[in-house]
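If you want the building blocks of each chain, they are given just below.
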Amino acid sequence: MTLRIVPALVLLCLVAFQIGSATAQTSQRMVVNADLGQDTISRHLYGHFAEHLGRGIYDGIWVKAKSGGWQVREDVVEALRAIRIPNLRWPGGCFADYYHWQDGIGPHDDRPTIVNNLWGGVTEDNSFGTHELMDLVEQLGAEAVVVGNVGSGTVQEMSQWWEYMNHPGTSPMANLRRQNGRDKPWNVRYWGVGNESWGCGGNMRPEYYADEYKRFATYLHAYGNVRPFRIAAGAAGDNYEWTEVMMREAGSMIDGIDLHHYTITGTWEKKGRATRFTEAEWLELMKNSLRWDELLTRHSAIMDQYDPEKRVWLIAGEWGTWHEGEPGSNPGFLYQQNTLRDALSASLALNIFNRHVERVKMANIAQTVNVLQAMILTQGEQMILTPTYHVFELYSVHHDAVSLPITLDAGRYEHGGESIPAVSASASRDRDGRIHITMTNVDPKQARTVNATLRGQRASQVSGRILTADEMNAHNTFEQPNAVQPASFNGARLSGERLTVQLPPKSLVVLELR
Ligand code: AHR
């Protein structure tokens, strides 16, 4: 009896060892709980940010027309409409606490200039202001997220701007709006009360800002059906004390708190390059993108103590990669190229956002055109879409879909003594019952097989698209605009509730199951 059991045990151990070692190398397991989703992935998690910075607004969005006046770039609008951008945060960033909105209304020729001392010291003519922003967001089918000036502005100035945009009846500011050609209010809801008030927005202590925040927020009144969704300047990265103080001192008057975190390699003083990097820097960037999970978990835990109902949104109001500027560009313009590495880094962050939706309801990647991790780069009349743009297009399937909990044995990607999870994923079920799974393999050398189980819903068809390239630094240029673009993917097989996905190295795949 014992003799018969021992060889069987040895065989079992051998098989187990082989499965174990195969798992460690190339094969991951995943369960998608299609019947357990509760919270919606707000489309506002796929929001954008355009500051008066470098060639972001002027040149990128707003250009001189051949006839002499100014106009919005139609190619840019069309491209942004295609990814269904849900919101646009404006006018900053640091510029917000520098901006006086009344300089940006009325006839263009009468507007005063402003020197953008924060970003490159250029003189702007204020031709892009409130009306131009609102025309743009209307063309985009998006909502504005307006950030008011606390740092160098007054309570009256901010409250009048709110009134100018939203008062439906007769009022001094509504009448001024009408004089400037707009009868109906715009009904802007999302309103930032300052930006980075711990830094460029006034260098305040959280206790001081909490008091200022309450003072400014008090004078944002509901008009008609529109009440302000008041967004407080949130922490930088892991400054948990900021969140603690804000929630304790002002939580009852806050609707959203705006956390900022940028993903860099190197140091703030000497950042790595966008297109020329080593594999160690590839891993470093991915590792720093994955920090979003810890940041959201820990800031949410603090907020839970003061707001267990999760009424207050945690907003990732500025996020993305920040590299050294392109050689030859004005360092104050923050103009950087955008490679497959940036795209996969964005997909890691978005997968994390999709999994934190009980508290995290809005995010704004920095920045839309020609600045930091842009969707679009322009050169004169030419325009290219970056790999990150394609991520936003591929992930648009998650907008307003129900986030599905997943469990994932992610495996490890190792290089130079460092290691990070190799595979990242998120999943959702849309209104038509379709399931979408986005999966990223950050390992630049090794393919991964994901053996997944779809629990709680039957699907009979799977289709997919992939974003990948031969080189880690592949990117689109004005000469080769389509070097990195999505392609159809046929590496997924469905059999009953079992789904097998072959993820090539350094790739992102989106699957649709029906
Ligand atoms: O996005 C660039 C700058 O980064 C923003 O102006 C500021 O808010 C942040 O520090």
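Residues numbered from 1 in each chain as written. Predicted model: local features only at pLDDT ≥ 70, side-chain atom pairs only at ≥ 80, totals over all residues. Heavy atoms only, no water.

If you walk through the whole model with that rule in mind, you get one disulfide. For Cys 94, the disulfide goes to Cys 200, at an S-S distance of 2.2 Å. Disulfide Cys 94-Cys 200: the torsion about the S-S bond is -85°, which places it as left-handed. Taken as a pair, Cys 94 in the loop between strand 5 (87-90) and strand 6 (114-116) and Cys 200 in the loop between strand 9 (190-193) and helix 6 (206-218) lie far apart in primary sequence, 106 residues in all. Judged by relative accessible area, which is 34%, Cys 200 ranks as partly exposed. (Disulfide = S-S within 2.5 Å. Helix = DSSP H or I, 4+ residues; strand = E, 2+ residues; numbered from the N terminus. Buried < 20%, exposed > 50% of the residue type's maximum accessible area, 1.4 Å probe, protein only.)

We now examine the pairing of strand 23 (residues 462-467). Regular strands show a simple pattern: their side chains alternate between the two faces of the sheet. Examined bridge by bridge, strand 23 and strand 27 (residues 507-513) share six bridges and lie antiparallel to one another. Across the sheet, the residue bridging to Val 462 is Leu 513, located in strand 27. As paired elements, strand 23 and strand 24 (residues 487-489) share three bridges and run antiparallel to each other. Its bridge partner being in strand 24, Ile 466 is matched across the sheet by Ala 487. (Pairing = 2+ DSSP bridges.)

Read from one edge of the open sheet, five strands run 17-1-22-26-25, paired in mixed fashion. On the outer flanks of this sheet lie strand 17 (406-408) and strand 25 (492-495), each paired with one strand and no other. The sheet shows a mean angle of 15° between the axes of neighbouring strands, taken without regard to direction. Two elements, strand 1 (residues 27-33) and strand 22 (residues 448-455), share seven bridges in a ladder whose sense is parallel. Residue pairing across strands places Gln 28 opposite Val 450, the latter belonging to strand 22. (Axes fitted to C-alpha atoms, helices over the stretch in contact; angles between N-to-C directions.)

Quick look at helix 2 (residues 74-82) now. Since the α-helix packs 3.6 residues into each turn, any two residues three or four apart lie on the same face. All of the buried residues in helix 2 are Val 76, Val 77, Ala 79 and Leu 80. In an axial view of helix 2, the angular spread of the buried residues amounts to 165°, which keeps them on one side of the axis. The exposed residues of helix 2 that point more than 90 degrees off its buried face are Glu 74, Glu 78 and Ala 82. Summarising the contacts, the buried residues of helix 2 are in contact with strand 4 (70-72), helix 3 (130-140), strand 14 (376-379), strand 15 (382-385) and helix 10 (387-395). One or two positions beyond helix 2, positive phi appears at Arg 84, with a value near 55°. (Arc of directions from axis to C-beta. Contact = heavy atoms within 4.5 Å.)

Following the sequence through the fold, Gly 266 ends up in the loop between strand 11 (256-263) and helix 8 (279-306). As a C-alpha pair, Gly 266 and Pro 486 span 220 residues in sequence and 30 Å in three-dimensional space.

The next subject is the sheet that holds strand 5. The strand order 2-5-8-9-10-11-12-13 describes a closed barrel built from eight strands, whose pairing is parallel. Between one strand and the next, the sheet's axes are offset by a mean angle of 30°, whatever the strand orientation. Note: strand 5 against strand 8 (residues 143-148), four bridges, orientation parallel. Across the sheet, residue Arg 89 finds its bridge partner in strand 8, namely Val 145. Lying over the sheet, helix 9 (residues 340-355) contacts strand 12 (313-321) and strand 13 (360-366), oriented at roughly 170° with respect to strand 12.

Where helix 2 contacts helix 3, the axes come no closer than 9 Å and their chain directions differ by 50°. By the angle class used here, helix 2 and helix 3 are oblique. Taking contact as the criterion, the partners of Val 77, Leu 80 and Arg 81 in helix 2 are, on helix 3, Leu 136, Gln 139 and Leu 140. (Parallel < 35°, antiparallel > 145°, perpendicular 65-115°, else oblique.)

Our next topic: the site of the ligand. For the ligand, the set of nearby residues contains 13 residues, the closest of which are Glu 51, Cys 94, Glu 196, Tyr 262 and Glu 318. Asn 195 places a polar side-chain atom, nitrogen or oxygen, 3.1 Å from an oxygen atom of the ligand. For the ligand, whose accessible area on its own is 280 Å², the fraction buried by protein is 93%. Tallied by class, the residues present in the shell around the ligand amount to seven nonpolar, three polar and three charged. (Near = heavy atom within 4 Å. Polar contact = N/O pair within 3.5 Å; in protein donor to acceptor, adjacent residues only side chain to side chain. Areas by Shrake-Rupley, 256 points an atom, 1.4 Å probe, with all protein chains shown as cover. Nonpolar A, V, L, I, M, F, W, Y, C, P; charged D, E, K, R; others polar.)

Judged by nonpolar contacts, the single largest core of 131 residues is most densely connected at Trp 191, Met 246, Trp 292, Trp 319, Phe 353, Ile 437 and Leu 511. The element that contributes the greatest number of residues to this core is helix 9, accounting for nine residues. Here this core spans two domains, and each of domain 1 (12-37 + 405-513) and domain 2 (40-401) adds at least three residues to it. Those residues within four positions of Trp 292 in sequence are excluded, and the remaining contacts are Leu 259, His 261, Ala 316, Glu 318, Trp 319, Ala 349, Ile 352 and Phe 353. One finds Cys 94, Trp 119, Tyr 262 and Leu 372 within the second-largest nonpolar core, a separate group that totals 11 residues. (Core = buried A, V, L, I, M, F, W, Y, C linked by side-chain atoms within 4.5 Å. Domains from an automatic or database assignment.)

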